[in-house]
Amino acid sequence: MKTDSSSSQRFSQAIFSLALENNTIDTWLTNFDELEIITSNMMLISFLDKPDVAIKVKTKVIKKLFDKSISTETFNLIHLLSKRNIVHTLKSIIDHFHQLVDLNNQITRITVESAANLNVKQKTNLEEFLTQFSQGSITTEYVINNSLVGGFIAKIGDRILDASIKTRLKQLNQSLKN
């Protein structure tokens, strides 16, 4: 798996460099959206990763799926991944490419988990607070976490800001035991 991860990063870095040089980042992002047909279908990934399936057959399937909806470069990427039987790394390549685009645009993606839906004012206040953890702008995704009693947990890159009542109760319980 470590090889898959490092090869995914190399692929995405090469794609990003090419996209930056040719000013085609938006094209790649659009094409990667189209490729969800592959990344969301484990049977298709399995088929394209099979070493005993001829590359001509794989190529026909890819052409039939995407016709002219993706660029030649994106088609060549899928073709190469299927030739090497590593289409299963595509999702990781796409995810890493998105991270590189965000880094280049100084965008920090934040996932906020809360016990209930937050209203617009709560979201605005929270986003103003979370901006201090970013050097640029932020993009926030909100998720309901039924295991939380109240408060929120914000995932900011590789950092976690836990302001949940659940965690505070655990900490209080632990301090009472000591």
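Everything below is about the structure shown above.
Draft legend 1. View of the overall build of the chain. Broken down by element type, the chain carries 9 helices and 4 strands. Ordered by position from the N terminus, the helices and strands of the chain form the series α-α-α-α-α-α-α-β-α-β-β-β-α. Its C-alpha atoms give the chain a radius of gyration of 21 Å, clearly above 16 Å, the size a compact globule of 178 residues would have. The proportion of buried residues among the 178 residues of the chain is 34%. Taking the intrachain contacts of the chain between residues at least 6 apart in sequence as the baseline, contacts between residues at least 24 apart amount to 67%. In the structure as shown, the chain presents an accessible area of about 11500 Å², 52% of it carried by carbon and sulfur atoms.

Draft legend 2. Representation of unusual backbone geometry. We note that Asp67 has phi near 40 degrees; this positive angle belongs to a residue other than glycine. Structurally, Asp67 can be placed in the loop between helix H5 (55-66) and helix H6 (72-83). Overall, Asp67 belongs to the exposed group, its relative accessible area being 65%. Positive phi, normally seen in glycine, also occurs at Asn85, with a value near 60 degrees. Within the fold, Asn85 resides in the loop between H6 and helix H7 (90-104).

Draft legend 3. Seen up close, H5. Given a rise of 1.5 Å per residue, 12 residues ought to cover 16 Å, and the 16 Å separating the end C-alpha atoms of H5 matches this to within 8%. When H5 is considered as a whole, its buried residues turn out to be Lys58, Thr59, Ile62 and Phe66. Angular distribution of buried residues about the axis of H5 spans 100 degrees; they occupy a single face of the element. Those residues of H5 that are exposed and aimed more than 90 degrees away from the buried face are Lys56, Lys60 and Lys64. Buried positions along H5 lie against helix H2 (25-34), helix H3 (36-39), helix H4 (42-49) and H6. Directly after H5, the chain includes Asp67, whose backbone phi takes a positive value near 40 degrees.

Draft legend 4. Quick look at the nonpolar core. The biggest cluster of nonpolar side chains holds 28 residues, and the ones touching the most others in it are Phe32, Leu35, Ile38, Leu77, Leu81, Leu90 and Phe97. Elements with a minimum of two residues in this core: helix H1 (2-22), H2, H4, H5, H6 and H7. Looking at this core, the element that brings in the most residues is H7, giving 6 residues. With residues up to four places along the chain from it excluded, the contact list for Leu90 reads Leu35, Ile38, Thr39, Leu77, Ile78 and Leu81. Among the nonpolar cores identified, the runner-up in size contains 8 residues, and Ile110, Leu126, Ala154 and Ile156 belong to it.

Analysis parameters
Residues numbered from 1 in each chain as written. Predicted model: local features only at pLDDT ≥ 70, side-chain atom pairs only at ≥ 80, totals over all residues. Heavy atoms only, no water. Helix = DSSP H or I, 4+ residues; strand = E, 2+ residues; numbered from the N terminus. Rg over C-alpha atoms; globule rule 2.2 N^0.38 Å. Buried < 20%, exposed > 50% of the residue type's maximum accessible area, 1.4 Å probe, protein only. Contact = heavy atoms within 4.5 Å. Areas by Shrake-Rupley, 256 points an atom, 1.4 Å probe, with all protein chains shown as cover. Expected span 1.5 Å × (residues − 1). Arc of directions from axis to C-beta. Core = buried A, V, L, I, M, F, W, Y, C linked by side-chain atoms within 4.5 Å.

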